[in-house]
Amino acid sequence: MAEWVERVDEHDRVLGVVERGEAIERRWLHRVATVVCRDAGGRVLVHRRPDDDSRFPGAYNWLLGGGVEAGEEYGEAAARELAEELGTAAPVRFRFKFLCDGVVSPYWLAVHEALITGTPSPDPGEVAWWEWVEEEALPGLMARLPFVPDSLEAFARYRALDG
């Protein structure tokens, strides 16, 4: 099934609507929305992607998210992806966005935060394993485990916000 996204320029202005696969193949800028999930104690949800995933199989990530659909705002996409991947609804709060020269393709990456109450019920097609982790432990995990490469730059920028 085709996933329609907005092709954007280096200033995040919409140029048109394209199929996401074509945007990736042609390295056209498009939009991706992600969410940092925290529990009431401030811990961050870390998850591992399924081994049969088409992108970064078996890799770890501290962000949930995906492509922003055509006509959708970043925050709407972040909330939708949170519900789809983690099986929970929660308000999302925008933190920052940046032009990411991604491993697969370049894109605008928006990072949001959400407070997760209750126990997540992740989609096993999206999340193979998950655990709550103290934020201070993330750099060590990132050094030892194969994390999605683009998430490492996002983490450095995230940490710099509070630094």
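Just so you know, these numbers come straight off a predicted model, no measurement behind them.

Take Val46: it is sitting in strand β4 (residues 44-48). By relative accessible area, which is 1% here, Val46 ends up buried. Along the backbone, Val46 and Glu131 are 85 residues apart, and their C-alpha atoms lie at a distance of 5.6 Å. When sequence neighbours within four positions are dropped, the list of residues in contact with Val46 reads Tyr60, Asn61, Trp129, Trp130, Glu131, Val133, Leu138 and Phe147.

Throughout the structure, instances matching the rule amount to 20 salt bridges. With a shortest N-O distance of 2.7 Å, Asp12 and Arg31 are connected by a salt bridge. Within this pair, whereas Asp12 is found in the loop between β1 (4-8) and β2 (14-19), its partner Arg31 is found in strand β3 (residues 31-38), the two being separated by 19 residues in sequence. Here Asp12 and Arg31 have matching classes, each one buried. In this structure, Arg38 engages Glu113 in a salt bridge whose closest nitrogen and oxygen atoms are separated by 3.5 Å.

Reading the values: the criteria
- Residues numbered from 1 in each chain as written.
- Predicted model: local features only at pLDDT ≥ 70, side-chain atom pairs only at ≥ 80, totals over all residues.
- Heavy atoms only, no water.
- Helix = DSSP H or I, 4+ residues; strand = E, 2+ residues; numbered from the N terminus.
- Buried < 20%, exposed > 50% of the residue type's maximum accessible area, 1.4 Å probe, protein only.
- Contact = heavy atoms within 4.5 Å.
- Salt bridge = Lys/Arg side-chain N within 4 Å of Asp/Glu carboxyl O.

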